[in-house]
Amino acid sequence: MTEPSASPRPIRVSVNGVDHERTVEPRLLLSDFLRHDLGLTGTHVGCEHGVCGACTVAFDDQPVRSCLMFAVQADGHRIGTIEGMADGETLHPLQMAFWELSGLQCGFCTPGFLITARDFLARNPDPSEQEVREALSGNLCRCTGYQSIVAAVLEAARRLRQAPLAGLGKS
Amino acid sequence: MNRFDYVRPATFAEAIAAASEPGAAYLAGGTNLLDLMKGGIVRPGRLVDVSRLPGLGAIEWLADGGVRIGALVRNSDLAHDSEFARRFPAVAEALLSGASAQLRNMATVGGNLLQRTRCAHFYDVAGACNKRAPGAGCEARGGEARNAAVLGWSEHCIATHPSDFCVALVALDAVVEIAGQGGEYQVPLEDFHRLPGETPGQESVLEPGELIIAVRLPAQAASFSRHARYLKIRDRTSFAFAVASAAAALRIEQGAIAAARIALGGVAPKPWRARLAERALIGVGPDRTHFDRAAEAALADARPSGDNAFKIELARRIVARALALAAAGTPARLPALPGSPFSPVAGVLHV
């Protein structure tokens, strides 16, 4: 067993398929690790206590709150952020649908919605509107009133059923 | 956030030794603990990260038909396990009615049992709270009490236990397996949480360093699978804590109730089993008159702890309606809004 220590600790985390080794203080949040240590500022920090969903990232492919995790908890795990969602210059179908159907206005909440919705559609490719609303209930948007977000997720689901992506929902 | 020692033990023995030190706390999913640490409500000097301990992450089917759920099983993995949801549908519905998808993906079974109250005064470090600071007083008393208890509270604390999962578990006679310095033992979930009395800071039977390793449901709990529901009233259709909730499970044989299981959430300092209400249903028909009578029995000892007398009547109606939903039958597929009174399920009776 490692001796207890508040001093920095080495961790190794795969983010969007790239391994990163850093030494971090145990109290460093995963959200701050991504933003400050790795410079991946697409993960946004809103409420900072697990309510708003802006900081959602994929943890071993499952959406979680990066503001309610320590970076040391991610040691040895895979993290997926919004920066890894597009395939080069080609946007993910969810990103395209959000763009085309105005599923965003200020965009602050959008990365969290997209990461959440990607996992949801991987598990439920043909959801009802009510199922989409329930799946997104852990993400808050103060601009759109959610109508266009729900429409964009349903549209992306339709397109993905027609042309599935290889590796959908994977980080 | 305060600085803390971070320990990642490899064995139970190391974990228990490390967590037996004053000021130590276990870290599993951390969804509640990190929030509490950010607000300075708890300030552990040491975190013992048990999330990598071996042997705590499995759902095991026992030879007798019961199930043993490892303490580190994630809420979402348990709720979406098709065999588990088929045998214990009210437990799956309760799990999915709680928190949000992101939190359920991180939150563990053991952590759910140990989550702290959502009483606003517990979170207000500038105010008095006997649970946070023993002897400081209770600012919740006499104030706005929408989310406070109407059963089991004391003059020292009126906070409620916020879990949905535990409500369904306690209804179905779940047992908690615990490891400590003296070895392993088990305790019924109904006896795991303590009532506040004069010591609201002592929320469970756990002694320092003791670790929940599993929760078991007996085989008999699966005999209710055809008539089992969880119903939850909250201020938002999803992602909100219960104002009042109920788990109801019936075994109906030849038109009469052979066995009943009822528990309430959001109304007491612990998941609240309603045994008198269960007894009132044995041998009678599954109809509204008897459900109303059972609901009366479930709330017979209730009294307001502030301006929350409405919760007593609300909880009565939730119990009666959960029983009616259970009698109508477990839906083949969980509703899109689990536990919600607004779910469009055929046969829903309105309060």
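Residues numbered from 1 in each chain as written. Chains lettered and ligands numbered in written order. Predicted model: local features only at pLDDT ≥ 70, side-chain atom pairs only at ≥ 80, totals over all residues. Heavy atoms only, no water.

Digging into the sheet that holds strand 8 (residues 211–217) of chain B
Residues and elements named next belong to chain B.
Part 1 of the argument: As summarised here, the arrangement of the five strands in space is 4-5-8-6-7, forming an open sheet in which the pairing is antiparallel. Both outer strands of the open sheet, strand 4 (59–61) and strand 7 (183–188), are each paired with one neighbouring strand and no more. Mean inter-strand twist for the sheet, computed between neighbouring axes without regard to direction, equals 25°.
Part 2 of the argument: Sheet topology places strand 5 (residues 67–70) next to strand 8; four bridges connect them, and they run antiparallel. (Pairing = 2+ DSSP bridges. Helix = DSSP H or I, 4+ residues; strand = E, 2+ residues; numbered from the N terminus. Axes fitted to C-alpha atoms, helices over the stretch in contact; angles between N-to-C directions.)

With respect to empty space enclosed by the protein
Over the atoms rolls a probe the size of a water molecule, and in doing so it shows where empty space is left.
Residues and elements named next belong to chain B.
Part 1 of the argument: On inspection of all chains with the given rule, the structure shows two cavities of 30 Å³ or more.
Part 2 of the argument: Approximately 90 Å³ is the volume attributed to the largest cavity.
Part 3 of the argument: Lining the largest cavity are 15 residues, and of these Cys 119, Cys 129, Cys 138, Ala 140 and Cys 157 sit closest to its centre.
Part 4 of the argument: Among the residues forming the lining of the largest cavity, the class breakdown is nine nonpolar, four polar and two charged. (1 Å grid on protein atoms, 1.4 Å probe; cavity = no way out; pocket = protein on both sides within 12 Å on 5 of 7 lines; lining within 4 Å. Points joined across faces, edges and corners; volume = space filled by probe spheres on them. Nonpolar A, V, L, I, M, F, W, Y, C, P; charged D, E, K, R; others polar.)

Considerations on the domain arrangement of chain A
Residues and elements named next belong to chain A.
Part 1 of the argument: Partitioning chain A into domains gives domain 1 (9–84) and domain 2 (93–162).
Part 2 of the argument: Carbon and sulfur atoms supply 62% of the area that domain 1 and domain 2 bury against each other, a total of about 1100 Å² over both sides.
Part 3 of the argument: Its largest share of buried area at the contact with domain 2, domain 1 owes to His 44, Pro 63 and Ile 82, together 39% of the area lost on that side.
Part 4 of the argument: Connecting domain 1 to domain 2 are zero salt bridges.
Part 5 of the argument: For the interface between domain 1 and domain 2, the tally reads four residue pairs in polar contact (both at pLDDT 80 or more).
Part 6 of the argument: When residues of the side of domain 1 that touches domain 2 are traced back to their parent elements, those giving at least two are strand 3 (56–59) and strand 4 (62–65).
Part 7 of the argument: Taken together, the residues that form the side of domain 1 that touches domain 2 break down as eight nonpolar, eight polar and two charged. (Domains from an automatic or database assignment. Buried area = accessible area lost by both parts, 1.4 Å probe. Salt bridge = Lys/Arg side-chain N within 4 Å of Asp/Glu carboxyl O. Polar contact = N/O pair within 3.5 Å; in protein donor to acceptor, adjacent residues only side chain to side chain.)

Here's the deal with unusual backbone geometry
Part 1 of the argument: We note that Asp 61 of chain A has phi near 80°; this positive angle belongs to a residue other than glycine.
Part 2 of the argument: Among the secondary structure elements, Asp 61 of chain A is positioned in the loop between strand 3 and strand 4.
Part 3 of the argument: One non-glycine residue, Gln 254 of chain B, adopts positive backbone phi at about 50°.
Part 4 of the argument: Looking at where Gln 254 of chain B falls in the secondary structure, it is placed in the loop between strand 10 (244–253) and strand 11 (256–265).
Part 5 of the argument: On the basis of relative accessibility, which here comes to 86%, the residue Gln 254 of chain B falls in the exposed class. (Buried < 20%, exposed > 50% of the residue type's maximum accessible area, 1.4 Å probe, protein only.)

Comments concerning the sheet that holds strand 10 of chain B
Residue and element names in this part refer to chain B.
Part 1 of the argument: In space, the four strands of this open sheet follow the order 9-10-11-12, with antiparallel pairing throughout. Each edge of the open sheet is held by one strand with a lone partner, namely strand 9 (228–233) and strand 12 (272–273).
Part 2 of the argument: Where strand 11 meets strand 12, two bridges bridge the pair, whose relative direction is antiparallel. Bridge assignment links Ala 263 to a residue of strand 12, and that residue is Arg 273.
Part 3 of the argument: Docked against the sheet, helix 13 (residues 310–328) engages strand 9, strand 10 and strand 11, running at close to 35° with respect to strand 10. (Contact = heavy atoms within 4.5 Å.)

Side note on the layout of surface pockets
Part 1 of the argument: Volume-wise, the second largest pocket comes out at about 940 Å³.
Part 2 of the argument: Along the walls of the second largest pocket sit 35 residues, with Arg 123 of chain A together with Ala 79, His 80, Leu 96 and Leu 334 of chain B positioned nearest its centre.
Part 3 of the argument: Of all elements in the fold, only strand 4, helix 3 (110–123) and helix 4 (129–135) of chain A together with helix 3 (75–79), helix 4 (82–87), helix 5 (89–97) and helix 6 (101–104) of chain B reach the threshold of two or more residues within the lining of the second largest pocket.
Part 4 of the argument: In terms of residue count, the dominant contributor to the lining of the second largest pocket is helix 3 of chain A (five residues).
Part 5 of the argument: Grouping the constituent residues of the lining of the second largest pocket by class yields 17 nonpolar, nine polar and nine charged.
Part 6 of the argument: A domain-level breakdown of the lining of the second largest pocket finds at least three residues from each of domain 1 (9–84) and domain 2 (93–162) of chain A.

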